[in-house]
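Now for the letters of each chain:
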Amino acid sequence: MSAAATALTGKSADRPGFWANPIGKKAVMAVTGFVLFGFVIGHMVGNLQVYLGPEKLDAYAEFLQKTKGLLWGARITLLTCVILHVTAAFQLAGLQNKARPQKYVKKTSAGSSYASRTMYWSGPILLAFIIYHLMHFTTGQAHPDFQPGMVYRNVVTGFQSVPASLAYIVAMLMLGTHLYHGIWSMFQSVGINHPKYTPLFKKLAAVMAAVLVGGNVSIPVAVMTGLIR
Ligand code: HEM
């Protein structure tokens, strides 16, 4: 590449572009993960309105459905973030495998936590959960008695099925482990890494993941125990 082209594109033969660079992919994962995290927190707060009764939850859902700009803006942003996050994850895994063509005889877990070792299977399980979840509560094909627009009713009748509730609880625990590792590795990816503060970030990540899991899991549990009916 000529010096002029290098100056224009920021690339050179020995310096790959942003996306080709593993650090670039990690940065993309951090930013898209942060946006997705913001969504799951906002979505949980919205979901917790189930405790305020059918009028509140259905009115909130109706407001979202009617505000087309917000709804479609959020949908397009989420889809873009999921695609970028998953693509970067697969490509990074591919690069790691290429760098280590011969598999370890025995996989050791030195230096990696349970959560970090689960990233590459909790991710695909979460993706499968999202597809099931959309067919359960948004389009209704996976729901036994789906009524468009009656969100409170759909949530209650949906979670009266024990297998469905258990599937959500398992998926939420998976989300918790994925987020716990994701949040503090995000701090590392953006360069916020210090021996003094890393333990604090880990604790912060654990608290955030626990709040999210607790808030979401409480809903199927409340339906199954008859607290919400
Ligand atoms: C127990 C936990 C959860 C409950 C009770 C729940 C409930 C719901 C309900 C009722 C809807 C349909 C809303 C409507 O039609 O207006 C919905 C949509 C959705 N949920 Fe969840 N959700 C939960 C967890 C999650 C999680 C963990 C994620 C992401 C990882 C997620 C992602 C979505 C998405 C992407 C939509 C579709 C929004 C749209 O485009 O209309 N949900 N959820």
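Thresholds, definitions, all that
Residues numbered from 1 in each chain as written. Predicted model: local features only at pLDDT ≥ 70, side-chain atom pairs only at ≥ 80, totals over all residues. Helix = DSSP H or I, 4+ residues; strand = E, 2+ residues; numbered from the N terminus. Buried ≥ 20, exposed ≤ 12 C-beta atoms within 10 Å, placed from the backbone. Contact = placed C-beta atoms within 7 Å. Core = buried A, V, L, I, M, F, W, Y, C linked by C-beta atoms within 7 Å. Near = placed C-beta within 6 Å. Nonpolar A, V, L, I, M, F, W, Y, C, P; charged D, E, K, R; others polar. Axes fitted to C-alpha atoms, helices over the stretch in contact; angles between N-to-C directions. Parallel < 35°, antiparallel > 145°, perpendicular 65-115°, else oblique. Expected span 1.5 Å × (residues − 1). pLDDT = per-residue confidence, 0-100.

Novice: Just to check I follow, could you spell out the overall build of the protein chain for this structure?
Specialist: Counting secondary structure elements, the protein chain contains eight helices and zero strands. Secondary structure of the protein chain in N-to-C order comes out as α-α-α-α-α-α-α-α. For the protein chain, with 229 residues in total, the buried portion stands at 17%. For the protein chain, contacts bridging at least 24 residues in sequence account for 71% of all contacts bridging at least 6.

Novice: Would you mind going over the nonpolar core with me for this structure?
Specialist: Nonpolar side chains in soluble globular proteins tend to end up buried together. If you look at the biggest cluster of nonpolar residues, it comprises 17 residues, and the most contacted ones within it are Leu175, Leu179, Ile183 and Ala209. Take this core: its biggest share by element is nine residues, from helix α7 (residues 162-189). The next biggest cluster of nonpolar side chains, apart from the first, holds seven residues, and it includes Val50, Leu57, Val155 and Ile219.

Novice: Looking at this structure, how should I read the site of the ligand?
Specialist: Taken together, 20 residues sit near the ligand, with Asn47, Ala61, Phe137, Asn216 and Ile219 positioned nearest. Breaking the shell around the ligand down by element, the ones donating at least two residues are α2 (22-47), α3 (54-66), α4 (68-99), α5 (114-138), α6 (151-159), α7 and α8 (198-224). In terms of residue count, α5 provides more of the shell around the ligand than any other element does, five residues in total. Here the shell around the ligand is composed, by residue class, of 13 nonpolar, six polar and one charged.

Novice: What should I look at first to understand the environment of valine 170 in this one?
Specialist: Secondary-structure assignment places valine 170 in helix α7. Counting along the chain gives 47 residues from valine 170 to valine 217, while the straight-line C-alpha distance between them is 9.1 Å.

Novice: Please clarify how the packing of α6 against α8 should be interpreted in this entry.
Specialist: In a pair of packed helices, the angle between the axes and the distance between the axes together describe the arrangement. Their axes nearest at 8 Å, the elements α6 and α8 cross at an angle of 70 degrees. One element, α6, and the other, α8, form an angle in the roughly perpendicular class. Only Ile219, Pro220, Val223 and Met224 of α8 make contact with α6, whose side of the interface consists of Val155, Val156 and Phe159. Grouping the constituent residues of the contact of α6 with α8 by class yields seven nonpolar, no polar and no charged.

Novice: Before we go on, may I ask you to explain α2 in this structure?
Specialist: Given 3.6 residues per turn, any residue in an α-helix points the same way as the ones three and four places further on. With 26 residues, α2 extends 36 Å between its outermost C-alpha atoms, agreeing within 8% with the 38 Å of an ideal straight helix rising 1.5 Å per residue. Restricting attention to buried positions, one finds in α2 the residues Lys25, Val28, Met29, Ala30, Thr32 and Gly33.

Novice: Where do I start with the confidence of the model for the protein chain in this structure?
Specialist: Parts of the prediction with low pLDDT should not have their coordinates interpreted in detail. Averaged over every residue, the pLDDT of the protein chain is 86; the share at 70 or more is 86%. Mean pLDDT across the secondary structure elements of the protein chain bottoms out at helix α1 (residues 3-9), with 47, and peaks at α6, with 98. Here residues 104-111 scores under 50 on pLDDT; set against residues more than four positions off or in separate chains, the count is one contact.

Novice: In this structure, what is going on with the packing of α3 against α6? I would like to understand it.
Specialist: Where α3 contacts α6, the two axes come as close as 7 Å, and the packing angle between them is 115 degrees. The angle between α3 and α6 places the two elements in the roughly perpendicular class. Side by side, α3 and α6 meet where Pro54, Leu57, Asp58 and Ala61 of the first sit next to Val151, Tyr152 and Arg153 of the second. Residue composition of the contact of α3 with α6, by class: five nonpolar, no polar and two charged.

Novice: Is there a simple way to explain the environment of lysine 56 in this structure?
Specialist: With respect to the helices and strands, lysine 56 occurs in helix α3. Note on lysine 56: 13 C-beta atoms within 10 Å, which makes it partly exposed. A sequence separation of 96 residues divides lysine 56 from tyrosine 152, and the C-alpha atoms of the two residues are 9.0 Å apart.

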